[in-house]
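The chain contents come next:
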Amino acid sequence: MPDQGLCTVIVGCQWGDEGKGKIVDVLAENVDIVARYQGGANAGHTVHVGSAEFILHQIPSGILHEGKRCLLGNGVVLDVQQFFEEYDALVARGIDMEGRVGVSRRAQLLMPYHKMMDKALEDSAAEKIGTTGRGIGPAYEDKAGRRGVRVADLANPGRLVQRIDAAKARICERLNEMGVGTEELDRAMDVTLALGERLLSLATDVGPEISAALKADRRVLLEGAQGTALDLDHGTYPFVTSSNTTAAAAATGTGIGPTSIDRVIGVVKAYTTRVGEGPLPSAFEPEMDAHIRELGAEFGATTGRPRRCGWFDSVLTRYASQVNGLTGVAVTKLDVLDTLSELQIATAYRMPDGSVTERFPADTWSLSAVEPVYETMPGWESPTGHVRKLEDLPKNARAYLDRIEELTNAPVDWVSVGSKRSQIIPVG
Ligand code: GDP
């Protein structure tokens, strides 16, 4: 198996839903700590263990491996109520959680008023972003606006109430202006605040904890949510999430130095999908779109929304390789393409002015108007789900992976050929 180094970041290299949960689940077996560094309950990792399916929104996927410590870094926005629902559901399914979950004292609390605001904004927006309505955007707005409330504040009830009242009043005023009633808010706030004490019992200093573990030669996995094209700075702005999803954020979002990171593994699906609004240059024609959506079960884990599907876009993955400094790639869902007789890979974009570029453009609106330049490759037309060694893959599947590696500018380290833990091919 490819050596992971001590500290590995797993990052999505498309628009999220690349199958990061599965890759984290596989790699978690050999690590001691798994930590989340950004996002909130808008992430949804689906992991299959035996015949059981687990959908995790806030707790790192590593929780499904006995004994691993799972941390939520300062970069996350924590929906306390949902967090404990998820926590208790795992306990109810027999997962031993005792002493295994830690939450950064610096993590932001996502409050019921953030959720109300998120929904109201999305409902009233002329140009929708396609958010999950989980309050993530408004919570990060309050963080950047220095109005946020953090886990550490729970230890000081007087200050907590003061800060919450100020932030809540501001949002309620805006909601009332928008004609949205806030009557239900007080009850939701009571439920959230009642969990404060319980959350405090899990509070820790994530950065020092990870640093100490690394010093003691223990292995750490930093688990990204969403994908590079949804990064607040580097994605298809404004159709992005409200946090930095890319690998550098793994350091800021947990509180370790960037020099502590040894490996960055980018997860790419063998084709491309996108949920929510915004451009998808290599989108399939409608019939193929529906076909691959069925084959790949491309419906959102958090919202159930159908995902738009398209050909593998190497302009995007090459960009992701550069932004994240990838040391390796995990290609997922290769098996979904098993029946196709021919495949296409986008290698460049023809811009609206007729010029051709191999670079991912910053101007999102021109991205909506680009025409991908495709390279055609023959399909392999045989099942791959049972394959466990690279050399046992059909020749055309190997050629497809070689081309992905070449165009993405990073070696393929793993190939996933099914949703089960065992359906993985270590490369190299
Ligand atoms: P994440 O947010 O990046 O973890 O993505 P999702 O939770 O949406 O995961 C993608 C889905 O694909 C999950 O249901 C996985 O079980 C499934 N999956 C992951 N890898 C593979 C694979 O190689 N083949 C197939 N067919 N399904 C996979």
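Residues numbered from 1 in each chain as written. Predicted model: local features only at pLDDT ≥ 70, side-chain atom pairs only at ≥ 80, totals over all residues. Heavy atoms only, no water.

A few words now on the overall build of the protein chain. For the protein chain, the count of helices and strands is 13 helices and 20 strands. Here the C-alpha atoms of the protein chain give a radius of gyration of 21 Å, agreeing with the 22 Å that 2.2 N^0.38 yields for 428 residues. Seen through its principal axes, the protein chain has C-alpha atoms that stretch 65 × 50 × 40 Å. A total of 428 residues make up the protein chain; the buried ones form 57% of that total. A separation of at least 24 residues holds for 76% of the contacts in the protein chain among residues at least 6 apart in sequence. Carbon and sulfur atoms make up 49% of the accessible area of the protein chain, which totals about 17,500 Å². Positive and negative charge centroids in the protein chain, built from 45 and 58 side chains respectively, lie 4 Å apart. (Helix = DSSP H or I, 4+ residues; strand = E, 2+ residues; numbered from the N terminus. Rg over C-alpha atoms; globule rule 2.2 N^0.38 Å. Buried < 20%, exposed > 50% of the residue type's maximum accessible area, 1.4 Å probe, protein only. Contact = heavy atoms within 4.5 Å. Areas by Shrake-Rupley, 256 points an atom, 1.4 Å probe, with all protein chains shown as cover. Lys, Arg positive; Asp, Glu negative; His and termini not counted. Charge placed at Lys NZ, Arg CZ, Asp CG, Glu CD.)

Relative to the elements of secondary structure, Ile63 occurs in the loop between strand S4 (52–56) and strand S5 (69–72). The buried category is assigned to Ile63, whose relative accessible area is 1%. Here the alpha-carbon distance between Ile63 and Val101, two residues 38 residues apart in the chain, equals 8.3 Å.

With that settled, consider the sheet that holds S5. Read across the sheet, 10 strands follow the order S9-S7-S5-S2-S10-S1-S11-S15-S19-S20 without closing on themselves; strand pairing throughout is mixed. Because the sheet does not close on itself, it has two edges, and the strands there are strand S9 (203–204) and strand S20 (424–426). In this sheet, strand S10 (residues 220–223) lies alongside strand S1 (residues 7–12) in parallel orientation, the contact comprising four bridges. Note that in S10 the partner of Cys7 across the bridge is Val220. Contacting S1, strand S2 (33–36), S10, strand S11 (263–269), strand S15 (328–332), strand S19 (412–416) and S20, helix H1 (residues 20–28) crosses the sheet at an angle of about 165° to S1. (Pairing = 2+ DSSP bridges. Axes fitted to C-alpha atoms, helices over the stretch in contact; angles between N-to-C directions.)

Applying the stated criterion to the full structure yields 16 salt bridges. We note a salt bridge from Glu406 to Arg403, for which the minimum N-O separation is 2.7 Å. Taken together, the residues span about one helical turn, with Glu406 and Arg403 both in helix H13 (residues 395–408) at a distance of three residues. Since its relative accessible area comes to 21%, Arg403 is described here as partly exposed. (Salt bridge = Lys/Arg side-chain N within 4 Å of Asp/Glu carboxyl O.)

Right, let's get into the site of the ligand. Near the ligand, the surroundings consist of 19 residues, among which Lys20, Gly21, Thr46, Asp335 and Ser416 are the closest. Asp335 is positioned with one of its side-chain polar atoms (N or O) 2.8 Å from a nitrogen atom of the ligand. A distance of 2.5 Å separates an oxygen atom of the ligand from a polar side-chain atom of Ser416. In isolation the ligand exposes 590 Å². Once the protein is present, 90% of that is buried. (Near = heavy atom within 4 Å. Polar contact = N/O pair within 3.5 Å; in protein donor to acceptor, adjacent residues only side chain to side chain.)

The next thing to look at is the packing of helix H3 (residues 112–124) against helix H6 (residues 185–194). Contact geometry for H3 and H6: axes closest at 9 Å, N-to-C directions at 135°. Accordingly, the angle class assigned to the pair H3 and H6 is oblique. Here Pro112, Tyr113 and Met116 of H3 lie close against H6, whose contacting residues are Leu185, Ala188, Met189 and Thr192. In terms of residue class, the contact of H3 with H6 is made up of six nonpolar, one polar and no charged. (Parallel < 35°, antiparallel > 145°, perpendicular 65-115°, else oblique. Nonpolar A, V, L, I, M, F, W, Y, C, P; charged D, E, K, R; others polar.)

Any two aromatic rings considered together are summarised by their centre-to-centre distance and by the angle between their planes. Within the structure shown, the criterion is met by eight aromatic pairs. Summarising the aromatic geometry, the rings of Tyr319 and Phe360 are spaced 5.1 Å apart at their centres and angled 25° between planes, so their arrangement reads as stacked. A residue pair is termed long-range when its members are at least 10 positions apart, and Tyr319 in helix H11 (residues 314–324) and Phe360 in the loop between strand S17 (356–357) and helix H12 (364–369) qualify at 41 residues. With centroids separated by 5.7 Å and ring planes inclined at 50°, the aromatic side chains of Trp380 and Tyr400 adopt a geometry described as tilted. One end of the pair, Trp380, is in the loop between strand S18 (371–378) and H13; the other, Tyr400, is in helix H13, with 20 residues separating them in the sequence. (Phe/Tyr/Trp six-rings, centres within 6.5 Å; stacked < 30°, edge-to-face > 60°.)

This brings us to helix H2 (residues 80–92). Across its 13 residues, H2 extends 18 Å between first and last C-alpha, which sits within 8% of the 18 Å expected from 1.5 Å per residue. Of the residues making up H2, those classed as buried are Val80, Gln82, Phe83, Phe84, Glu86, Tyr87 and Leu90. Looking one or two residues beyond H2, the residue adopting positive phi is Gly94, at roughly 90°. (Expected span 1.5 Å × (residues − 1).)

What follows concerns the domain arrangement of the protein chain. Split into domains, the protein chain comes out as domain 1 (7–103 + 203–265), domain 2 (108–197) and domain 3 (268–426). Computed over C-alpha atoms only, the centres of domain 1 and domain 3 are separated by 23 Å. Counting residues at the interface gives 38 residues for domain 1 and 42 residues for domain 3. Summed over both sides, the interface between domain 1 and domain 3 buries roughly 3,200 Å², with carbon and sulfur atoms accounting for 60% of that surface. When the buried surface of domain 1 facing domain 3 is broken down by residue, Gln14, Trp15 and Lys22 rank first, second and third, together holding 23% of it. Our count for the contact surface shared by domain 1 and domain 3 stands at two salt bridges. Across the pair Asp25 and Arg421 runs a salt bridge whose closest N-O atoms are separated by 2.7 Å. Where the side of domain 1 that touches domain 3 is concerned, the elements lending two or more residues are H1, strand S3 (45–49) and S11. (Domains from an automatic or database assignment. Buried area = accessible area lost by both parts, 1.4 Å probe.)

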